[in-house]
Amino acid sequence: MDKICATIEQRKAWSQNMGHEHLATTVTAYMPVPRERQREIIRGLATSDTA
């Protein structure tokens, strides 16, 4: 979905096509982030040039 859908409307349509009423269902069911990876990502944000 991230590679194909450019807008939130497209993401919502994708989610509905999967049979989900809410986009959050699609995200939590198919795009989980393990706790350790979450920590790595957040730490990386704190040290990135865009922060």
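See the structure shown above.
The structure presented is a predicted model; accordingly, all values stated were derived computationally and were not measured.

Cut-offs used in this document
By convention here, each chain's residues receive numbers from 1 onward along its written sequence. Side-chain atom pairs in this predicted model are given and counted only at pLDDT of 80 or more, local residue features only at pLDDT of at least 70, and totals for whole chains, interfaces and linings cover all residues. Side-chain numbers come from the whole structure's heavy atoms, not from hydrogens or water. Every case where a carboxyl oxygen of Asp or Glu lies within 4 Å of a side-chain nitrogen of Lys or Arg is listed as a salt bridge. Relative accessibility decides the category of a residue: with a 1.4 Å probe and only protein chains considered, values under 20% of the type maximum give buried, values over 50% give exposed, and everything between is partly exposed. Only DSSP runs of H or I reaching four residues or more are called helices, and only runs of E reaching two or more are called strands; each is numbered from the N terminus. Here a polar contact is recorded for every N or O atom pair within 3.5 Å, except that within protein the pair must consist of a potential hydrogen donor and a potential acceptor, and residues adjacent in sequence are included only if both atoms are side-chain atoms.

I keep staring at the pattern of salt bridges and nothing clicks. Help me out?
Close approach of charged atoms allows side chains with opposite charge to pair. Counting across every chain of the model gives 3 salt bridges. Close ionic contact of arginine 11 with aspartate 2 constitutes a salt bridge, the shortest N to O distance being 2.7 Å. Here arginine 11 falls in the partly exposed class, since its relative accessible area comes to 23%. A relative accessible area of 51% means that aspartate 2 is categorised as exposed. Taking the shortest distance from any N to any O, the salt bridge between arginine 39 and glutamate 36 comes out at 2.9 Å.

Quick question: what am I supposed to make of the environment of glutamate 36 here?
Relative to the helices and strands, glutamate 36 is located in helix H3 (residues 35-47). Residues glutamate 36 and tryptophan 14, 22 residues apart in the sequence, show an inter-C-alpha distance of 28 Å. At 2.9 Å, the side chain of glutamate 36 forms a polar contact with the side chain of arginine 39.

Bear in mind that shape data such as this cannot, by itself, settle questions of function.
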